[in-house]
Amino acid sequence: MIEVKGLVKHYGSKRAVDNVSFTVRRGDILGFLGPNGAGKSTTMKMVTGFLSPTAGTALVNGHDVTRDPVAVKKQLGYLPESAPAYGEMTVEEFLGFIAETRGFRQRAEKAARINRALDLTHLQTVRTQTIETLSKGYKQRVGFAQALLHDPPALILDEPTDGLDPNQKNEVRALIKKMAAEKAVVLSTHILEEVEALCTRVIIISQGKVVVDETPEKLRARQPGARLDEIFRTLTSSEV
Amino acid sequence: MSQVTPVFKREFLGYFRSPVAYVFLIVFLMASVGLAFFVGQFFRANQASLESYFTFHPWLFLFLIPAVGMRLWSEEKRTGTVELLFTLPLTTLEAVLGKFLAAWAFLSVAILLSFPMAVTAGYLGDPDWGVIAGSYLGSILMAGSYLGVCSLTSALTKNQVISFVLSVLACLVLVLLGWSVFNGALSAVLPVWAVDLVANFSFVTHFDAFTKGIIDPKDVVFFLSLTGFTLFLNVVALER
(Lines give C-alpha, C1' and ligand atoms only; values in the text may rest on other atoms or scores of the structure.)
Protein backbone atom coordinates (compact mmCIF):
# COMPACT_ATOMS: atom_id res chain seq x y z
CA MET A 1 0.00 0.00 0.00
CA ILE A 2 2.68 2.48 1.07
CA GLU A 3 6.09 1.80 -0.37
CA VAL A 4 8.93 4.10 0.60
CA LYS A 5 12.04 3.77 -1.52
CA GLY A 6 15.34 5.30 -0.48
CA LEU A 7 14.03 8.70 0.62
CA VAL A 8 16.73 11.32 1.14
CA LYS A 9 16.25 14.92 2.26
CA HIS A 10 18.98 17.51 2.58
CA TYR A 11 18.58 20.81 4.39
CA GLY A 12 21.62 22.73 3.22
CA SER A 13 24.50 20.43 4.09
CA LYS A 14 22.50 18.58 6.74
CA ARG A 15 21.16 15.16 5.81
CA ALA A 16 17.84 15.15 7.64
CA VAL A 17 16.62 11.89 6.13
CA ASP A 18 19.15 9.39 4.87
CA ASN A 19 18.00 6.60 2.58
CA VAL A 20 14.85 5.56 4.40
CA SER A 21 12.94 2.61 2.91
CA PHE A 22 10.01 0.59 4.23
CA THR A 23 6.72 -0.93 3.14
CA VAL A 24 3.35 -0.81 4.85
CA ARG A 25 0.63 -3.25 3.85
CA ARG A 26 -3.10 -3.06 4.37
CA GLY A 27 -3.88 -4.01 7.97
CA ASP A 28 -0.49 -2.88 9.24
CA ILE A 29 -0.08 -0.23 11.89
CA LEU A 30 3.46 0.98 11.62
CA GLY A 31 4.90 2.81 14.60
CA PHE A 32 7.47 5.37 13.66
CA LEU A 33 9.80 6.02 16.57
CA GLY A 34 12.81 8.18 17.11
CA PRO A 35 14.22 11.03 19.15
CA ASN A 36 13.18 14.60 18.31
CA GLY A 37 14.85 15.77 15.13
CA ALA A 38 15.51 12.24 13.90
CA GLY A 39 13.63 12.84 10.67
CA LYS A 40 10.22 11.29 11.42
CA SER A 41 8.14 14.29 10.45
CA THR A 42 10.33 15.06 7.43
CA THR A 43 9.88 11.49 6.15
CA MET A 44 6.12 11.71 6.61
CA LYS A 45 5.97 15.07 4.86
CA MET A 46 7.78 13.61 1.88
CA VAL A 47 5.42 10.62 1.68
CA THR A 48 2.40 12.97 1.73
CA GLY A 49 3.88 15.11 -1.04
CA PHE A 50 4.22 18.25 1.08
CA LEU A 51 8.02 18.25 0.81
CA SER A 52 9.82 17.08 -2.28
CA PRO A 53 12.58 14.56 -1.59
CA THR A 54 16.19 15.23 -2.57
CA ALA A 55 16.34 11.62 -3.79
CA GLY A 56 14.17 8.51 -3.69
CA THR A 57 10.39 8.32 -3.82
CA ALA A 58 7.30 6.89 -2.20
CA LEU A 59 4.46 4.92 -3.80
CA VAL A 60 0.96 4.94 -2.39
CA ASN A 61 -1.43 2.43 -3.94
CA GLY A 62 0.88 2.37 -6.96
CA HIS A 63 1.01 6.16 -7.47
CA ASP A 64 4.43 7.79 -7.39
CA VAL A 65 4.48 10.89 -5.19
CA THR A 66 7.22 12.60 -7.21
CA ARG A 67 5.36 12.07 -10.52
CA ASP A 68 1.71 12.34 -9.59
CA PRO A 69 1.40 14.00 -6.16
CA VAL A 70 -2.32 14.75 -6.57
CA ALA A 71 -3.14 11.04 -7.08
CA VAL A 72 -1.16 10.18 -3.93
CA LYS A 73 -2.92 12.90 -1.93
CA LYS A 74 -6.29 11.42 -2.94
CA GLN A 75 -5.28 8.08 -1.42
CA LEU A 76 -4.00 9.52 1.83
CA GLY A 77 -5.46 10.87 5.01
CA TYR A 78 -2.87 12.98 6.79
CA LEU A 79 -2.86 14.40 10.27
CA PRO A 80 0.00 16.91 10.44
CA GLU A 81 1.79 17.49 13.72
CA SER A 82 -0.26 19.69 16.10
CA ALA A 83 -3.29 19.38 13.78
CA PRO A 84 -3.41 22.75 12.01
CA ALA A 85 -6.85 24.03 10.97
CA TYR A 86 -8.46 27.32 9.97
CA GLY A 87 -9.32 28.68 13.41
CA GLU A 88 -11.99 31.15 12.32
CA MET A 89 -14.15 28.40 10.79
CA THR A 90 -16.59 26.25 12.71
CA VAL A 91 -15.90 22.50 12.82
CA GLU A 92 -18.74 21.97 10.38
CA GLU A 93 -17.56 24.62 7.92
CA PHE A 94 -13.99 23.34 8.07
CA LEU A 95 -15.02 19.75 7.33
CA GLY A 96 -17.27 21.11 4.59
CA PHE A 97 -14.24 22.70 2.95
CA ILE A 98 -12.28 19.44 3.24
CA ALA A 99 -15.23 17.50 1.80
CA GLU A 100 -15.43 19.83 -1.19
CA THR A 101 -11.73 19.58 -1.98
CA ARG A 102 -12.03 15.80 -1.60
CA GLY A 103 -14.67 15.87 -4.34
CA PHE A 104 -17.87 15.50 -2.28
CA ARG A 105 -19.74 18.45 -3.71
CA GLN A 106 -23.32 17.19 -3.65
CA ARG A 107 -25.19 18.42 -0.62
CA ALA A 108 -26.44 15.03 0.62
CA GLU A 109 -23.16 13.23 0.13
CA LYS A 110 -21.21 16.08 1.68
CA ALA A 111 -23.46 16.11 4.74
CA ALA A 112 -23.22 12.32 5.07
CA ARG A 113 -19.42 12.44 4.93
CA ILE A 114 -19.22 15.22 7.50
CA ASN A 115 -21.63 13.42 9.83
CA ARG A 116 -19.73 10.17 9.58
CA ALA A 117 -16.43 11.92 10.40
CA LEU A 118 -18.05 13.79 13.31
CA ASP A 119 -19.50 10.53 14.68
CA LEU A 120 -16.21 8.66 14.40
CA THR A 121 -14.34 11.35 16.31
CA HIS A 122 -17.18 12.24 18.75
CA LEU A 123 -17.36 15.85 17.64
CA GLN A 124 -21.12 16.20 17.18
CA THR A 125 -21.46 18.35 20.32
CA VAL A 126 -19.04 21.02 19.05
CA ARG A 127 -19.94 21.02 15.36
CA THR A 128 -21.06 24.66 15.32
CA GLN A 129 -18.19 25.98 17.46
CA THR A 130 -15.29 27.82 15.86
CA ILE A 131 -12.09 25.79 15.93
CA GLU A 132 -10.02 28.45 17.72
CA THR A 133 -12.29 28.17 20.75
CA LEU A 134 -11.75 24.42 21.11
CA SER A 135 -9.39 22.76 23.58
CA LYS A 136 -6.32 20.95 22.36
CA GLY A 137 -7.93 17.52 22.55
CA TYR A 138 -10.87 18.66 20.43
CA LYS A 139 -8.58 20.36 17.91
CA GLN A 140 -6.65 17.13 17.57
CA ARG A 141 -9.91 15.31 16.89
CA VAL A 142 -10.85 17.88 14.25
CA GLY A 143 -7.54 17.02 12.58
CA PHE A 144 -8.49 13.38 12.79
CA ALA A 145 -11.94 13.97 11.36
CA GLN A 146 -10.36 15.83 8.45
CA ALA A 147 -7.98 12.94 7.75
CA LEU A 148 -10.76 10.32 7.89
CA LEU A 149 -13.42 12.19 5.97
CA HIS A 150 -12.83 10.52 2.62
CA ASP A 151 -12.22 7.06 4.13
CA PRO A 152 -8.72 6.83 2.65
CA PRO A 153 -6.95 3.49 2.15
CA ALA A 154 -3.83 4.86 3.82
CA LEU A 155 -3.46 7.04 6.90
CA ILE A 156 -0.42 9.00 7.99
CA LEU A 157 -0.62 10.39 11.50
CA ASP A 158 2.08 12.60 12.94
CA GLU A 159 1.92 12.24 16.73
CA PRO A 160 -1.83 11.65 16.89
CA THR A 161 -1.98 11.39 20.69
CA ASP A 162 0.35 14.28 21.49
CA GLY A 163 -1.10 16.60 24.11
CA LEU A 164 -4.17 14.49 24.84
CA ASP A 165 -5.23 13.39 28.32
CA PRO A 166 -5.10 9.64 29.14
CA ASN A 167 -8.78 9.09 28.34
CA GLN A 168 -8.53 10.82 24.99
CA LYS A 169 -5.37 8.86 24.22
CA ASN A 170 -7.21 5.61 24.81
CA GLU A 171 -10.06 6.75 22.65
CA VAL A 172 -7.77 7.71 19.78
CA ARG A 173 -5.93 4.39 20.03
CA ALA A 174 -9.20 2.49 19.95
CA LEU A 175 -10.23 4.47 16.89
CA ILE A 176 -6.97 3.72 15.07
CA LYS A 177 -7.24 0.03 15.92
CA LYS A 178 -10.82 -0.13 14.70
CA MET A 179 -9.93 1.37 11.34
CA ALA A 180 -6.67 -0.44 10.82
CA ALA A 181 -8.19 -3.68 9.54
CA GLU A 182 -8.83 -2.29 6.08
CA LYS A 183 -6.20 0.47 6.02
CA ALA A 184 -2.47 0.95 6.02
CA VAL A 185 -1.54 3.19 8.94
CA VAL A 186 1.72 4.95 9.72
CA LEU A 187 1.93 6.84 12.99
CA SER A 188 4.78 8.59 14.70
CA THR A 189 4.99 8.79 18.46
CA HIS A 190 7.22 9.38 21.43
CA ILE A 191 5.25 7.11 23.67
CA LEU A 192 6.65 3.64 23.79
CA GLU A 193 3.66 1.94 25.44
CA GLU A 194 1.61 3.17 22.54
CA VAL A 195 3.71 1.10 20.17
CA GLU A 196 3.14 -2.01 22.23
CA ALA A 197 -0.54 -1.35 22.60
CA LEU A 198 -1.18 -0.52 18.99
CA CYS A 199 1.44 -1.30 16.40
CA THR A 200 2.05 -4.40 14.39
CA ARG A 201 5.46 -3.15 13.35
CA VAL A 202 8.07 -0.72 14.65
CA ILE A 203 10.58 1.40 12.83
CA ILE A 204 13.13 3.27 14.86
CA ILE A 205 14.82 6.11 13.07
CA SER A 206 17.88 7.89 14.38
CA GLN A 207 19.74 10.73 12.68
CA GLY A 208 17.80 10.15 9.51
CA LYS A 209 18.58 6.43 9.25
CA VAL A 210 16.39 3.41 9.93
CA VAL A 211 18.04 1.47 12.74
CA VAL A 212 15.25 -1.01 13.50
CA ASP A 213 12.40 -2.41 11.40
CA GLU A 214 10.64 -5.34 13.11
CA THR A 215 7.67 -6.41 15.22
CA PRO A 216 7.30 -5.05 18.78
CA GLU A 217 7.81 -8.60 20.11
CA LYS A 218 11.15 -8.96 18.36
CA LEU A 219 12.20 -5.52 19.57
CA ARG A 220 11.44 -6.60 23.12
CA ALA A 221 13.36 -9.85 22.63
CA ARG A 222 16.54 -7.92 21.86
CA GLN A 223 17.12 -7.36 25.55
CA PRO A 224 14.95 -9.78 27.49
CA GLY A 225 13.68 -8.33 30.73
CA ALA A 226 14.56 -4.75 29.78
CA ARG A 227 11.93 -2.05 29.46
CA LEU A 228 11.13 -0.73 26.00
CA ASP A 229 12.53 2.71 26.72
CA GLU A 230 15.84 1.16 27.75
CA ILE A 231 16.03 -0.69 24.45
CA PHE A 232 15.09 2.51 22.66
CA ARG A 233 17.86 4.41 24.42
CA THR A 234 20.51 1.80 23.58
CA LEU A 235 19.50 1.80 19.94
CA THR A 236 19.30 5.54 19.40
CA SER A 237 22.23 6.67 21.52
CA SER A 238 24.74 4.18 20.10
CA GLU A 239 24.65 6.24 16.94
CA VAL A 240 25.76 9.48 18.56
CA MET B 1 -9.12 23.50 -12.25
CA SER B 2 -12.37 22.54 -10.51
CA GLN B 3 -10.40 22.57 -7.24
CA VAL B 4 -10.16 26.36 -7.44
CA THR B 5 -13.80 26.69 -6.33
CA PRO B 6 -13.57 25.28 -2.77
CA VAL B 7 -10.37 27.24 -2.09
CA PHE B 8 -11.99 30.43 -3.42
CA LYS B 9 -15.11 29.88 -1.38
CA ARG B 10 -13.25 29.21 1.87
CA GLU B 11 -10.96 32.20 1.42
CA PHE B 12 -13.68 34.63 0.39
CA LEU B 13 -16.04 33.67 3.20
CA GLY B 14 -13.03 33.66 5.52
CA TYR B 15 -12.84 37.44 5.27
CA PHE B 16 -16.35 37.74 6.63
CA ARG B 17 -15.79 35.14 9.37
CA SER B 18 -13.31 37.46 11.04
CA PRO B 19 -13.45 41.22 11.69
CA VAL B 20 -10.93 41.72 8.83
CA ALA B 21 -13.60 42.25 6.19
CA TYR B 22 -15.65 44.80 8.13
CA VAL B 23 -12.67 46.79 9.37
CA PHE B 24 -11.18 46.84 5.89
CA LEU B 25 -14.39 47.80 4.08
CA ILE B 26 -15.07 50.65 6.48
CA VAL B 27 -11.51 52.00 6.38
CA PHE B 28 -11.34 51.64 2.60
CA LEU B 29 -14.60 53.49 2.03
CA MET B 30 -13.83 56.23 4.53
CA ALA B 31 -10.38 56.78 3.07
CA SER B 32 -11.36 56.64 -0.61
CA VAL B 33 -14.50 58.73 -0.29
CA GLY B 34 -12.87 61.06 2.24
CA LEU B 35 -10.02 61.78 -0.15
CA ALA B 36 -12.48 62.48 -2.94
CA PHE B 37 -14.44 64.96 -0.83
CA PHE B 38 -11.79 66.75 1.16
CA VAL B 39 -8.71 66.59 -1.05
CA GLY B 40 -10.28 66.03 -4.47
CA GLN B 41 -13.00 68.68 -3.95
CA PHE B 42 -15.73 66.39 -5.26
CA PHE B 43 -18.46 69.04 -4.84
CA ARG B 44 -16.50 72.21 -5.38
CA ALA B 45 -15.11 71.00 -8.71
CA ASN B 46 -18.68 71.43 -9.93
CA GLN B 47 -18.36 68.53 -12.36
CA ALA B 48 -20.57 65.46 -12.63
CA SER B 49 -17.70 63.01 -12.66
CA LEU B 50 -15.93 60.62 -10.30
CA GLU B 51 -12.48 61.72 -11.34
CA SER B 52 -11.72 63.09 -7.89
CA TYR B 53 -12.61 59.66 -6.47
CA PHE B 54 -10.53 57.52 -8.81
CA THR B 55 -7.49 59.75 -9.07
CA PHE B 56 -6.32 58.78 -5.57
CA HIS B 57 -6.66 55.03 -6.10
CA PRO B 58 -3.02 54.31 -7.03
CA TRP B 59 -1.91 55.96 -3.74
CA LEU B 60 -4.64 54.48 -1.62
CA PHE B 61 -4.01 50.97 -2.94
CA LEU B 62 -0.37 51.37 -2.03
CA PHE B 63 -1.25 50.83 1.65
CA LEU B 64 -4.62 49.17 1.65
CA ILE B 65 -3.98 46.32 -0.76
CA PRO B 66 -0.83 45.11 1.02
CA ALA B 67 -3.01 45.06 4.15
CA VAL B 68 -5.24 42.48 2.46
CA GLY B 69 -2.51 40.66 0.57
CA MET B 70 0.05 40.31 3.36
CA ARG B 71 -1.86 37.56 5.10
CA LEU B 72 -2.64 35.46 2.02
CA TRP B 73 0.27 33.02 2.43
CA SER B 74 2.10 34.32 5.51
CA GLU B 75 -0.86 33.41 7.69
CA GLU B 76 -1.07 29.89 6.25
CA LYS B 77 2.63 29.39 6.86
CA ARG B 78 2.52 30.74 10.39
CA THR B 79 -0.43 28.64 11.51
CA GLY B 80 0.74 25.54 9.64
CA THR B 81 -2.44 25.26 7.57
CA VAL B 82 -0.26 25.43 4.48
CA GLU B 83 0.65 21.82 5.24
CA LEU B 84 -2.99 20.92 5.32
CA LEU B 85 -3.76 22.78 2.11
CA PHE B 86 -0.92 21.19 0.15
CA THR B 87 -1.71 17.66 1.27
CA LEU B 88 -5.23 18.00 -0.11
CA PRO B 89 -5.59 16.80 -3.70
CA LEU B 90 -4.96 20.10 -5.47
CA THR B 91 -2.08 21.64 -7.37
CA THR B 92 -0.13 24.70 -6.26
CA LEU B 93 -1.58 26.68 -9.17
CA GLU B 94 -5.14 25.86 -8.10
CA ALA B 95 -4.42 26.95 -4.55
CA VAL B 96 -2.75 30.19 -5.68
CA LEU B 97 -5.59 31.01 -8.07
CA GLY B 98 -8.30 30.19 -5.55
CA LYS B 99 -6.81 32.42 -2.87
CA PHE B 100 -5.92 35.23 -5.28
CA LEU B 101 -9.34 35.32 -6.92
CA ALA B 102 -11.02 35.38 -3.52
CA ALA B 103 -8.96 38.37 -2.38
CA TRP B 104 -9.53 40.08 -5.73
CA ALA B 105 -13.27 39.55 -5.49
CA PHE B 106 -13.19 40.97 -1.98
CA LEU B 107 -11.31 44.07 -3.16
CA SER B 108 -13.75 44.47 -6.04
CA VAL B 109 -16.59 44.51 -3.54
CA ALA B 110 -14.76 47.25 -1.61
CA ILE B 111 -14.29 49.32 -4.77
CA LEU B 112 -17.84 48.83 -6.05
CA LEU B 113 -19.33 49.76 -2.67
CA SER B 114 -18.57 53.37 -3.58
CA PHE B 115 -21.55 53.24 -5.96
CA PRO B 116 -23.48 55.89 -3.97
CA MET B 117 -20.86 58.34 -5.27
CA ALA B 118 -21.85 57.50 -8.84
CA VAL B 119 -25.53 57.73 -7.91
CA THR B 120 -24.91 61.16 -6.38
CA ALA B 121 -23.14 62.37 -9.50
CA GLY B 122 -26.03 61.04 -11.59
CA TYR B 123 -28.59 62.78 -9.38
CA LEU B 124 -26.83 66.14 -9.38
CA GLY B 125 -25.71 66.24 -12.97
CA ASP B 126 -25.31 64.28 -16.14
CA PRO B 127 -22.06 62.29 -15.86
CA ASP B 128 -20.51 60.28 -18.69
CA TRP B 129 -21.43 56.78 -17.59
CA GLY B 130 -18.88 55.25 -19.98
CA VAL B 131 -16.08 57.07 -18.20
CA ILE B 132 -17.37 55.90 -14.82
CA ALA B 133 -17.67 52.28 -15.95
CA GLY B 134 -14.20 52.45 -17.50
CA SER B 135 -12.76 53.88 -14.29
CA TYR B 136 -14.29 51.10 -12.20
CA LEU B 137 -12.89 48.52 -14.61
CA GLY B 138 -9.45 50.11 -14.53
CA SER B 139 -9.49 50.35 -10.77
CA ILE B 140 -10.40 46.69 -10.38
CA LEU B 141 -7.77 45.60 -12.90
CA MET B 142 -5.16 47.70 -11.13
CA ALA B 143 -6.20 46.22 -7.77
CA GLY B 144 -5.50 42.78 -9.28
CA SER B 145 -1.96 43.78 -10.18
CA TYR B 146 -1.28 45.24 -6.73
CA LEU B 147 -2.68 42.09 -5.19
CA GLY B 148 -0.51 39.87 -7.40
CA VAL B 149 2.58 41.66 -6.09
CA CYS B 150 1.34 41.36 -2.49
CA SER B 151 0.47 37.69 -2.85
CA LEU B 152 3.99 37.02 -4.12
CA THR B 153 5.74 38.82 -1.26
CA SER B 154 3.41 37.07 1.16
CA ALA B 155 4.54 33.70 -0.18
CA LEU B 156 8.15 34.59 0.57
CA THR B 157 7.81 34.91 4.33
CA LYS B 158 5.74 33.74 7.27
CA ASN B 159 6.08 37.12 8.92
CA GLN B 160 3.17 39.40 8.02
CA VAL B 161 5.05 42.59 8.88
CA ILE B 162 7.90 41.75 6.51
CA SER B 163 5.35 40.76 3.91
CA PHE B 164 3.55 44.12 4.30
CA VAL B 165 6.73 46.21 4.09
CA LEU B 166 8.04 44.30 1.08
CA SER B 167 4.80 44.66 -0.82
CA VAL B 168 4.46 48.38 -0.05
CA LEU B 169 8.01 48.91 -1.32
CA ALA B 170 7.44 46.89 -4.49
CA CYS B 171 4.18 48.68 -5.21
CA LEU B 172 5.72 52.06 -4.41
CA VAL B 173 8.34 51.50 -7.10
CA LEU B 174 5.62 50.56 -9.57
CA VAL B 175 3.69 53.74 -8.74
CA LEU B 176 6.65 56.13 -8.69
CA LEU B 177 7.89 55.05 -12.10
CA GLY B 178 4.91 56.83 -13.62
CA TRP B 179 4.50 59.72 -11.18
CA SER B 180 4.78 63.01 -13.06
CA VAL B 181 7.11 64.59 -10.46
CA PHE B 182 9.47 61.63 -10.66
CA ASN B 183 9.32 61.58 -14.47
CA GLY B 184 10.04 65.32 -14.59
CA ALA B 185 13.18 64.80 -12.54
CA LEU B 186 14.14 61.84 -14.66
CA SER B 187 13.77 63.68 -17.97
CA ALA B 188 16.52 66.05 -16.88
CA VAL B 189 19.04 63.22 -17.13
CA LEU B 190 17.47 60.74 -19.56
CA PRO B 191 16.20 61.14 -23.13
CA VAL B 192 12.44 61.23 -23.61
CA TRP B 193 12.14 57.70 -24.99
CA ALA B 194 13.90 56.31 -21.93
CA VAL B 195 11.58 58.18 -19.56
CA ASP B 196 8.58 56.89 -21.51
CA LEU B 197 9.95 53.37 -21.28
CA VAL B 198 10.34 53.63 -17.51
CA ALA B 199 6.89 55.19 -17.12
CA ASN B 200 5.42 52.33 -19.10
CA PHE B 201 6.05 49.98 -16.17
CA SER B 202 3.97 52.05 -13.81
CA PHE B 203 0.44 51.52 -12.52
CA VAL B 204 -0.28 55.24 -12.80
CA THR B 205 0.50 55.52 -16.52
CA HIS B 206 -1.86 52.69 -17.42
CA PHE B 207 -4.56 53.66 -14.96
CA ASP B 208 -4.81 57.26 -16.17
CA ALA B 209 -6.27 56.25 -19.52
CA PHE B 210 -9.12 54.37 -17.81
CA THR B 211 -10.07 57.42 -15.73
CA LYS B 212 -10.48 59.36 -18.98
CA GLY B 213 -12.80 56.68 -20.29
CA ILE B 214 -10.33 55.12 -22.68
CA ILE B 215 -10.16 51.33 -22.49
CA ASP B 216 -6.99 50.64 -24.42
CA PRO B 217 -6.19 46.93 -24.91
CA LYS B 218 -2.55 47.61 -24.11
CA ASP B 219 -3.45 48.89 -20.65
CA VAL B 220 -5.70 45.91 -20.01
CA VAL B 221 -2.92 43.61 -21.19
CA PHE B 222 -0.43 45.40 -18.94
CA PHE B 223 -2.46 44.82 -15.78
CA LEU B 224 -3.44 41.27 -16.66
CA SER B 225 0.09 40.26 -17.64
CA LEU B 226 1.60 41.83 -14.52
CA THR B 227 -0.95 39.91 -12.45
CA GLY B 228 -0.25 36.70 -14.35
CA PHE B 229 3.49 37.08 -14.03
CA THR B 230 3.41 37.72 -10.27
CA LEU B 231 1.10 34.72 -9.79
CA PHE B 232 3.49 32.57 -11.79
CA LEU B 233 6.34 33.67 -9.51
CA ASN B 234 4.03 33.00 -6.59
CA VAL B 235 3.63 29.35 -7.66
CA VAL B 236 7.40 29.06 -8.12
CA ALA B 237 8.04 30.58 -4.68
CA LEU B 238 5.66 28.12 -3.02
CA GLU B 239 7.00 25.05 -4.81
CA ARG B 240 10.59 25.92 -4.03
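That block above? That's the structure.
Q: Could you clarify how one ought to interpret the overall build of chain A in this entry?
A: Across its full length, chain A carries 9 helices and 10 strands. With respect to the principal axes defined by its C-alpha atoms, chain A has extents near 55 × 40 × 30 Å. Scored against the burial criterion, the 240 residues of chain A give a buried share of 56%. When the accessible surface of chain A is split by element, carbon and sulfur atoms take 48% of a total near 10200 Å².

Q: Would you explain the pairing of strand E3 (residues 29-33) of chain A in this entry?
A: Looking along a regular strand, one sees side chains alternate from face to face of the sheet. Residue and element names in this part refer to chain A. Across the 5 residues that make up E3, a large majority, 5, are buried. Side chains Ile29, Gly31 and Leu33 project from E3 onto one buried face, and the interleaved Leu30 and Phe32 project onto a second face that is buried too. Pairing between E3 and strand E8 (residues 184-188): 4 bridges, direction parallel. Bridge pairing in E8 links phenylalanine 32 to serine 188. The sheet contact formed by E3 and strand E9 (residues 201-206) spans 4 bridges and is parallel. Following the sheet pairing, phenylalanine 32 is matched in E9 by isoleucine 203.

Q: Would you mind going over the sheet that holds strand E4 (residues 55-60) of chain A with me for this structure?
A: Strand pairing within a sheet occurs via backbone hydrogen bonds; the two strands may be parallel or antiparallel. Residues and elements named next belong to chain A. The strand order across the open sheet formed by 4 strands is E2-E1-E4-E5, and the pairing between neighbours is antiparallel. Of all the strands in the sheet, just strand E2 (14-24) and strand E5 (63-64) have a single pairing partner and so form its edges. Pairing of E4 with E5, which is carried by 2 bridges, proceeds in the antiparallel orientation. Along E5, the bridge assignment pairs valine 60 with histidine 63. Sitting on the sheet, helix H1 (residues 40-47) touches strand E1 (2-11), E2 and E4, and the angle it makes with E1 is about 120°.

Rules used in this analysis
- Residues numbered from 1 in each chain as written.
- Chains lettered and ligands numbered in written order.
- Predicted model: local features only at pLDDT ≥ 70, side-chain atom pairs only at ≥ 80, totals over all residues.
- Heavy atoms only, no water.
- Helix = DSSP H or I, 4+ residues; strand = E, 2+ residues; numbered from the N terminus.
- Buried < 20%, exposed > 50% of the residue type's maximum accessible area, 1.4 Å probe, protein only.
- Areas by Shrake-Rupley, 256 points an atom, 1.4 Å probe, with all protein chains shown as cover.
- Pairing = 2+ DSSP bridges.
- Contact = heavy atoms within 4.5 Å.
- Axes fitted to C-alpha atoms, helices over the stretch in contact; angles between N-to-C directions.

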